[in-house]
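Each chain, letter by letter, is given below.
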Amino acid sequence: MNETLKKAAEIIKLKKEYLEILARPQRIVQVNFPVKMDSGEIRMFCGYRIQHSNARGPYKGGIRYHQDCDLAEVADLAFWMTLKCAVVGIPYGGGKGGVTVNPKTLSGQELERMTRAYTRAIADVIGPRKDIPAPDVYTDARVMSWIYDEYSRIIGKKTPAVVTGKPIKLGGSLGRDIATALGGVYVLEKIIKLLGWQRKKLSAAIQGFGNAGANMAELLSGRGFKILAVSDSQAAIVSKNLKEGLNVKSLIEFKKRTGSVKNFPGSQNVSQKELLCTTPADILVPAALGGLITQDDAHKIKAKIILELANGPLKEGVDEILDKRGVSVIPDILANAGGVTVSYFEWLQNIKNQRWSKEKVLAELKKIMMRATKDVWKIKQKYRTDMRLAAYILAIQRVTKKIKI
Ligand code: NAD
């Protein structure tokens, strides 16, 4: 059982039966399905959909394609989705899906056939009022459009609300592409104020340069933050000019052209560890995979705030070390909840057959993220905890209120 869940339950003296319920997913679906490869060969794939809780509404959560994706990882991610939706107060439960595959080894057509086969395999358990998938690591709007199409074909009716993160022309929401990062920016700016930091030109280092990380770099740099270092799966780079930081717009174009941030002009290639531990940035933003920050790193990290855009980036025991060193960790279930919040807006638009302007989407996102940050901060003050425990307490209180036994 998750240690933070146990601690949070102790603090609020949660009844044992509720703890037992939260500690287990309601449903685990594992599917094995065949896909025809371009060579004509048939290959078997293994996928998951884990539905942790629907106490507060339909299950909601992304789909991940990664070679290390397994049942335990998807179960953790589904649990965090339940908590995340509760922290931001949207009427969803938590779920997550994944396929164990390195998508970089598949052609575009193989990826499409695999996505359609996975959709057929889980079609019985998903649906607009049941369980609504979305993008996660190495899945994107294109993958979502295949899921939408395949599911609609199966049930014989166009059903855009079965999945979020779709392309705009297929019923996606304006603002969904930047929602995770922008939600993180709103939370970060509020926490900086609450911590009483004097406004100066703050700097950041970002681990991971995909949807969450690259958008974060662009948004922060547009708001006057210096981006000193970034990394992706192939390389980590630090700006040679620490006074100015990296030119993020050029870096995004460079990565599009070359496939990596490696060898970006004006930067120096360093190790992933150096990015985490020796970059003199005020803020560290993990925006890649889970479990990449170890206890050893925690003793060395120079940043004073860690904003978890990634899910579960800190290994067990890291929180305690950082807390002792006075580093504030803004937990994933608050920091990256902007993505699911705008997914909820997309689903609402699909169900009500509406189209919201980008301004409306971003204004509503800001309202929700600010309210959630204040709610977490209030609990942190009340129970004298760190932000992660506070967010857990808030979420557990909201979820257990809706559990029917
Ligand atoms: P993505 O696939 O778009 O990007 C992942 C990035 O991480 C890529 O740049 C990749 O090169 C990099 N990466 C992979 N392994 C790495 C390593 N070992 N070291 C450094 N970089 C590495 O995925 P994403 O959607 O940006 O998701 C990133 C994280 O954010 C995940 O933990 C995901 O669960 C979380 N998240 C994403 C969303 C969303 O809306 N996209 C919402 C909430 C949380």
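To be clear, the structure that these remarks concern was listed above.
Report follows, based on the coordinates. (Residues numbered from 1 in each chain as written. Predicted model: local features only at pLDDT ≥ 70, side-chain atom pairs only at ≥ 80, totals over all residues. Heavy atoms only, no water.)

Here we take up the overall build of the protein. A count of helical and extended segments in the protein gives 15 helices and 12 strands. Radius of gyration (C-alpha) of the protein: 20 Å, near the 22 Å computed for a compact globule of 405 residues. Across its three principal axes, the protein shows a C-alpha extent of roughly 55 × 55 × 40 Å. Counting across all 405 residues of the protein, residues that qualify as buried make up 59%. A fraction of 68% describes how many contacts in the protein between residues 6 or more apart in sequence connect residues 24 or more apart. Accessible surface, the protein: about 17,500 Å² in total, of which carbon and sulfur atoms supply 50%. The protein carries 66 positive and 39 negative side-chain charges, and their two centres are separated by 6 Å. (Helix = DSSP H or I, 4+ residues; strand = E, 2+ residues; numbered from the N terminus. Rg over C-alpha atoms; globule rule 2.2 N^0.38 Å. Buried < 20%, exposed > 50% of the residue type's maximum accessible area, 1.4 Å probe, protein only. Contact = heavy atoms within 4.5 Å. Areas by Shrake-Rupley, 256 points an atom, 1.4 Å probe, with all protein chains shown as cover. Lys, Arg positive; Asp, Glu negative; His and termini not counted. Charge placed at Lys NZ, Arg CZ, Asp CG, Glu CD.)

Sheet architecture is open: five strands sit in the order β1-β2-β4-β3-β5, paired in mixed fashion. Looking at the sheet topology across the chains shown, the edges are occupied by β1 (27-36) and β5 (131-135). Put simply, the sheet's adjacent strands are angled 25° from each other on average, direction ignored. With five bridges connecting them, strand β3 (residues 59-66) and β5 associate as parallel partners. Directly across from I63, in β5, lies its bridge partner P135. The sheet contacts of helix α3 (residues 71-87) involve β1, β2 (42-53), β3 and β4 (94-100), and relative to β4 the element is tilted by about 155°. (Pairing = 2+ DSSP bridges. Axes fitted to C-alpha atoms, helices over the stretch in contact; angles between N-to-C directions.)

Under the criterion given, the structure shown has one cavity of 30 Å³ or more. Estimates place the volume of the largest cavity at around 40 Å³. Taken together, A205, L275, L276, T279, A281, I283, L284, I301, K302 and A303 make up the lining of the largest cavity. Residue assignment for the lining of the largest cavity shows that the elements contributing at least two residues are α9 (272-277) and β10 (283-286). For the lining of the largest cavity, the class distribution of residues is eight nonpolar, one polar and one charged. (1 Å grid on protein atoms, 1.4 Å probe; cavity = no way out; pocket = protein on both sides within 12 Å on 5 of 7 lines; lining within 4 Å. Points joined across faces, edges and corners; volume = space filled by probe spheres on them. Nonpolar A, V, L, I, M, F, W, Y, C, P; charged D, E, K, R; others polar.)

Now for the packing of aromatic side chains. Any pair of aromatic rings gets described here by the distance separating the centres and the angle formed by the planes. Counted under the stated rule, the structure contains nine aromatic pairs. Note on F33 and Y118: the rings are 6.1 Å apart at their centroids and 40° apart in plane angle, and the pair reads as tilted. Highlighted residues: F33 in strand β1 and Y118 in helix α4 (residues 108-122), separated in sequence by 85 residues. The same class applies to F33 as to Y118, namely buried. Taken together, a centroid distance of 5.5 Å and an interplanar angle of 85° make the contact between Y92 and Y344 edge-to-face. (Phe/Tyr/Trp six-rings, centres within 6.5 Å; stacked < 30°, edge-to-face > 60°.)

Now for the site of the ligand. Neighbouring the ligand are 24 residues; D136, T180, A212, A288 and N311 lie closest to it. In the model, an oxygen atom of the ligand is placed 3.3 Å from a nitrogen or oxygen of the R176 side chain. Measuring from an oxygen atom of the ligand, one finds a side-chain N or O atom of N311 at 2.8 Å. When the ligand sits alone it has 820 Å² of accessible area, and the protein chains cover 89% of it. (Near = heavy atom within 4 Å. Polar contact = N/O pair within 3.5 Å; in protein donor to acceptor, adjacent residues only side chain to side chain.)

We now examine the pairing of β2. Counting buried residues in β2 gives nine out of 12 residues, a clear majority hidden from the surface. Here 10 bridges tie β1 to β2, and the two strands are oriented antiparallel to one another. When the sheet's bridge partners are listed, V29 is paired in β2 with R49. Between the end of β1 and the start of β2, which pair antiparallel, lie five residues, with G40 showing a positive phi angle near 100°.

The strand order across the open sheet formed by seven strands is β9-β8-β7-β6-β10-β11-β12, and the pairing between neighbours is mixed. The sheet is open, and its two borders are formed by β9 (267-270) and β12 (328-330), each paired with just one other strand. The mean angle between the axes of side-by-side strands here comes to 20°, regardless of whether they run parallel or antiparallel. Pairing of strand β7 (residues 226-231) with strand β8 (residues 236-239), which is carried by three bridges, proceeds in the antiparallel orientation. For S231, the partnering residue across the bridge sits in β8 and is A236.

Mapped onto the elements of the fold, T4 is located in helix α1 (residues 3-11). Taking the relative accessible area as the measure of exposure, T4 reaches 17% and is therefore buried. For T4, the contacting residues outside a window of four places in its chain are R388, L389 and Y392.

Attention now moves to the packing of helix α14 (residues 358-383) against helix α15 (residues 387-402). Two numbers describe how α14 lies on α15: the axes approach to 8 Å, and their chain directions differ by 110°. Considering their axes alone, α14 and α15 lie roughly perpendicular with respect to each other. Residues D375, V376, W377, I379, K380 and Y383 of α14 touch α15, and the partners they reach there are M387, A390, A391, I393, L394, Q397 and R398. Broken down by class, the residue content of the contact of α14 with α15 amounts to nine nonpolar, one polar and three charged. (Parallel < 35°, antiparallel > 145°, perpendicular 65-115°, else oblique.)

Purely spatial values, then, with no claim about function.
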